[in-house]
Amino acid sequence: MSCTRARTLAFIAGAMMAAMPFVGLYTAASAELDEGNMVTLSTPLTAKAGALLDRKGRVLSSDSEKYSVCLVPQLFYSNEAVNEAIYALVKCDKALKKRFALPVSAKGVQTGSAKQTALLRTVTGLENGSPGELLEKLYGVFGIKKGDDNAYTAACIRYAALISGEDMLTLSDSPSKKLLDTAQSIAEDEPFVRVEKRYEREYTLTNGTPAAPHLITECEGQLDIKGSGGHEKLTYRLYNGGYALKERSGLDAENGRDIRLSIDLDMQLEAQGLLHDKISQGKCDAGAVCVVSCKTGGILAAASAPGFDPNRLSDDYSKLSADDSAPLFDRTLKGLYRPGSAMKTITALAALDTKAIDGSTYLWCGRWYPLGDTVFSCLYYHGYESVQTALRDSCNVFFYKCSQLLGVDTLSGYQRKMGLGKSVDIPLDNAAGRVVTKESVEELGISWSEGLLLQSAIGQSETAATPLQMAQWAQIIANGGSLKPLTLTDNETKDAVRIIKNDSAFSLIREGMEMAAGNIWGEYSLSSLPRKAAIKTGTPEAGQGYNSTVIGFYPADKPEIAFAVVLENSESAYEVVRPLIEEWEQINN
């Protein structure tokens, strides 16, 4: 074996590769030859990425070992040894007979193109040989006996290895157990047979459903789970009919670390199932559910629908990308929505904390609220409303009046204190959203008017928040003005941050949200839950229709979870609350 021969074959292969679609190639290794029949094979070693686990240690995604059975042509020291190995491998997997082909059939008939046949003539040196003569020549060159079982398949594989110009020829990248076991056994004695290990990401399916596909795939790209690769360097001396391993060196790969997330698999699957049901029932087009822990700040569920199966992402990517429902888009972390009347909780807080109103304040709602040349409205005539009953009844007029007592700067300031207008501090990209100010609307090309202030107070106008932000502000209310910073990894803890200190204000808001929970009747009633819930719903305008939102926490008196739900083109977000809470009760009991 010489450098000249290797370069010649590489040149031939390079010139004709386009004509050889049947050749399977493996390009991970790099081999070097010198004039002393020494062959050095350098192979990269892939690191295994860490698994992502839920908060209870259940696997959400992990790397699984996959193997490829390969031949190393430059280590073919003996025709007899190589052929015997190929016969044994082909016997294990008949699919190898179809994977490789010659431009000449086993009966000596030309089956390939003129270019493929011309390459075969060049390699054999029979420029004027018939197809049958070309095949006979190959048998001779490779030391194959024509009468051997699988002689033709062996010739096809040997020829593919000869012209590939690559350091390794892949026989199978998804071998059967029998083929893999046989290859591993042969590789213990023969250097030209190699079993290459690689890793493929797999996502756990529960009843056919992957958990948190958006969040998990984002974690895999942004969290440190990859590890570091290594390499193996083997130097052989080849001689007539034999070989000797002269040197082994390299660097081992270091596998990535497993990360336990704050996600609760059961809670996540319940949230996803509820969204799927609403979409399949025609009650919404898409949506998101976010559940966070009031005690730890852990994100327990981050569901976005429609979703996708990450196990099939590479196969389905084009179709998913073209889908108008945007199944690849993470609505929980990046979807920007008007929160609607859920915003009234922040407006109430701002008015109470600045003492613009107090628990004994009653404001009149006659349904209509004129401002300048425009008349704003409420859904109903409510008469006198306190802050609690205004939250219960979702009275627009009450909060219109609060906004004018506050002014845009004060109101937007409290919205920022509650986490709007800035990304949540977690190690994944998430949208910042927008609060309404004179400057922010002018940047959008909108002239300022007092009507925008009124609309901002009830979560309309140009207000934009993610479901993640909405769950965070629900948690602040649940914790009486303290934020337990949201986290994504289960072992991460951050000190609580006091956002606003006003116990009486939060007590009144909680009371109003409890009353709002009592407003839900029938099948989705919250009154039969083991403990009281606190919620605030919203129906914000969205394009030509309306979305449906709800924020809340449970239990109302000693909150454990806070949540936010957004359903696109819907009026039924409140229907998600009871089964979501029932799942939490079941998890904890």
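S.K.: Which residues make up the overall build of the protein chain, and what values go with them?
M.R.: Summing up its helical and strand segments, the protein chain has 20 helices and 24 strands in all. The C-alpha radius of gyration of the protein chain comes to 34 Å, more than 25% above the 25 Å expected for a compact globule of 589 residues. For the protein chain, the C-alpha atoms occupy an extent of roughly 105 × 45 × 45 Å along the three principal directions. Here the protein chain, with 589 residues, has 54% of them falling under the buried criterion.

S.K.: Provide a residue-level description of the nonpolar core, including the pertinent values.
M.R.: With 85 residues, the main nonpolar core has Leu-215, Leu-261, Ile-299, Phe-398 and Trp-473 as its most contacted residues. Looking at this core, the element that brings in the most residues is helix H18 (residues 467–478), giving eight residues. Membership of the second largest hydrophobic core comes to 50 residues, among which are Leu-138, Ile-144, Met-168 and Ile-186.

S.K.: Talk me through the pattern of salt bridges; I want residue IDs and the actual numbers.
M.R.: The full count for this structure, using the stated rule, is 28 salt bridges. The salt bridge involving Arg-55 is made with Asp-264; its shortest N-O contact spans 2.7 Å. On the criterion of sequence distance, the pair formed by Arg-55 in the loop between strand E3 (52–53) and strand E4 (59–71) and Asp-264 in the loop between strand E11 (259–260) and helix H9 (265–280) is long-range, its members being 209 residues apart. Residues Arg-312 and Asp-316 are paired through a salt bridge, measuring 3.0 Å at the closest nitrogen-oxygen approach. Salt bridges sharing partners connect three or more residues here, namely Asp-54, Arg-55, Lys-56, Arg-58, Asp-264 and Asp-266.

S.K.: An account of the side chain of Thr-361 is needed here, citing residue identities and associated values.
M.R.: Relative to the assigned elements, Thr-361 resides in the loop between helix H12 (344–353) and strand E14 (363–365). Residue Thr-361 is classed as buried on the basis of its relative accessible area, which comes to 18%. From its side chain, Thr-361 meets the backbone nitrogen of Asp-358 in a polar contact 2.9 Å long. When residues no more than four places from it in sequence are discounted, the contact partners of Thr-361 are Glu-385, Ser-386 and Val-387.

S.K.: Requested: an account of the packing of aromatic side chains, with residues and values cited.
M.R.: Considering all chains together, one arrives at ten aromatic pairs under this definition. Judged by centre distance (5.6 Å) and plane angle (85°), the ring pair of Trp-364 and Tyr-381 falls under edge-to-face. With Trp-364 in strand E14 and Tyr-381 in the loop between strand E16 (374–377) and strand E17 (383–385), the pair connects residues that are 17 residues apart, well separated along the chain. In this structure, Lys-417 packs its charged tip against the face of Tyr-414, placed 4.5 Å from the ring centre.

Rules of the game
- Residues numbered from 1 in each chain as written.
- Predicted model: local features only at pLDDT ≥ 70, side-chain atom pairs only at ≥ 80, totals over all residues.
- Heavy atoms only, no water.
- Helix = DSSP H or I, 4+ residues; strand = E, 2+ residues; numbered from the N terminus.
- Rg over C-alpha atoms; globule rule 2.2 N^0.38 Å.
- Buried < 20%, exposed > 50% of the residue type's maximum accessible area, 1.4 Å probe, protein only.
- Core = buried A, V, L, I, M, F, W, Y, C linked by side-chain atoms within 4.5 Å.
- Salt bridge = Lys/Arg side-chain N within 4 Å of Asp/Glu carboxyl O.
- Polar contact = N/O pair within 3.5 Å; in protein donor to acceptor, adjacent residues only side chain to side chain.
- Contact = heavy atoms within 4.5 Å.
- Phe/Tyr/Trp six-rings, centres within 6.5 Å; stacked < 30°, edge-to-face > 60°.
- Lys NZ or Arg CZ within 6 Å of the ring centre and 35° of its normal.

So yeah, pure geometry; function would need other evidence.
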